[in-house]
Each structure stands twice: as structure tokens, then as C-alpha cells.
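Residues per chain are reported as follows:
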Amino acid sequence: MEPDRMLPYLGAVASLVFTVVAAAPYVLITGQTELLGAYYGAGPFGLTGGIFLAILGVVIFLSGVRGQADPTLVAGIMLAVGLAIFGLTAAWTLLLPSGVIYSFPTQYDWLEFHPWATLVASGLIGGAAAGYAFVVN
């Protein structure tokens, strides 16, 4: 498969993976709505903006491959969006107070690794977008 056709699909899958990974605590943790609100809203921007951009990223990535938009334009937009998602997630991960994570009950100890998994997933979006911009240009 050609890289200019494969990378948008890879970017769309990376966007979906990021969305699933980022939303996992919301789905898996029950009865802790106040703590979840503090968790997702921590840091200067929170994580919800990154999740929203990733959902849009799926549509944007696929619009170039399906002929609904110019691939060069899509690559440029997704490079900016991918870097924004990575930046928002990095700020959230690095500035997330440890007190927020450790305030959850012990059955949710896996949550201490969640911000880092989310950061890696956001890097996949940025990497796919950068690769797509490279091969399209």
C-alpha cells in the first residue's frame, strides 16, 4: 500500500485509539463523578479538548483519502491538529497533580499509568500527521 493512502488510515486509527484510551477512566470508573471531573479538568486546559480534536481528526484524516478534500490541505490541518492534541495532552500529563490521581480508591491504581498511555497515544496522531504531511508534500 502506498504511504499517501496508508498514513491517513493510520492517523484515523490513532485518533480512535487516543479517544478510547483517554475516555477509559470515564467508562471504567463508577461512582466517582467528582473525582473524574477533577481528573479530566486538571492542568491548564484539561483533557476534554484533546478528545474532541481527536474525534474530529478521524473525519479530517479520512476526508483526504476519500477525495472530499485536497490531501495537501488535510495533511496541513492534521499536522496542526495533531500537534495541538499532543501539546494539550502533554500539558495535562505533566501538570496533573498527583493528589488527583491518588485520591481515587485503590481498585483504580491503574490510573497512575493512564496519563502516560494517553500521551503516547497522542504522539501516534502527531506522528501519523507528520508522516502524511511529509509524503503528500
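Please refer to the structure placed before this passage.
An account of the accompanying structure is given in this report. Note that this is a predicted model, so its numbers are computed, not measured.

**A word on helix α1 (residues 3-28)**
Okay, step 1: Over its 26 residues, α1 runs 36 Å from end to end, which matches the ideal 38 Å to within 8%, given 1.5 Å per residue.
Okay, step 2: Taken as a whole, α1 carries its principal kink of about 35° at Ala 22; the proline Pro 25 stands between one and four residues after it.
Okay, step 3: Every buried residue of α1 is accounted for by Leu 7, Pro 8, Gly 11, Ala 12, Ala 14, Ser 15, Phe 18, Thr 19, Ala 22, Ala 24 and Pro 25.
Okay, step 4: Contacts from the buried residues of α1 go to α2 (33-41), α3 (48-65), α4 (71-95) and α6 (114-136).

**Some thoughts on the packing of α3 against α6**
Okay, step 1: Interhelical geometry of α3 versus α6 gives an angle of 20° and a closest axis separation of 12 Å. Here α3 lies roughly parallel to α6, going by the angle between them. Pair α3 / α6 crosses with left-handed handedness. Contacts from Ala 54, Phe 61 and Gly 64 of α3 reach α6 at Ile 125, Ala 128, Ala 129 and Tyr 132.
Okay, step 2: Split by residue class, the contact of α3 with α6 holds six nonpolar, one polar and no charged.

**Quick notes on the nonpolar core**
Okay, step 1: Ranked by size, the top nonpolar core spans 34 residues in total, and within it Phe 18, Tyr 39, Leu 47, Phe 61, Phe 104 and Ile 125 carry the most contacts.
Okay, step 2: Where this core is concerned, the elements lending two or more residues are α1, α2, α3, α4, α5 (98-101) and α6.
Okay, step 3: Each residue touching Phe 104, except ones within four places of it in the same chain, is listed here: Ile 29, Gln 32, Leu 35, Leu 36, Tyr 39 and Leu 111.

**Let's talk about the packing of aromatic side chains**
Okay, step 1: All told, the structure shown has three aromatic pairs when counted by the stated rule.
Okay, step 2: Aromatic pair Tyr 39 and Tyr 40: ring centres 5.6 Å apart, planes at 80°, arrangement edge-to-face.
Okay, step 3: For Tyr 40, a relative accessible area of 9% translates into the label buried.
Okay, step 4: An aromatic cluster is built from Tyr 39, Tyr 40, Trp 92 and Phe 104, whose rings are joined through pairwise contacts.

Cut-offs used in this document
Residues numbered from 1 in each chain as written. Predicted model: local features only at pLDDT ≥ 70, side-chain atom pairs only at ≥ 80, totals over all residues. Heavy atoms only, no water. Helix = DSSP H or I, 4+ residues; strand = E, 2+ residues; numbered from the N terminus. Expected span 1.5 Å × (residues − 1). Bend = angle between axes of the 7 residues up to and from the residue. Buried < 20%, exposed > 50% of the residue type's maximum accessible area, 1.4 Å probe, protein only. Contact = heavy atoms within 4.5 Å. Axes fitted to C-alpha atoms, helices over the stretch in contact; angles between N-to-C directions. Parallel < 35°, antiparallel > 145°, perpendicular 65-115°, else oblique. Left-handed = near helix turned anticlockwise from the far one by under 90°. Nonpolar A, V, L, I, M, F, W, Y, C, P; charged D, E, K, R; others polar. Core = buried A, V, L, I, M, F, W, Y, C linked by side-chain atoms within 4.5 Å. Phe/Tyr/Trp six-rings, centres within 6.5 Å; stacked < 30°, edge-to-face > 60°.

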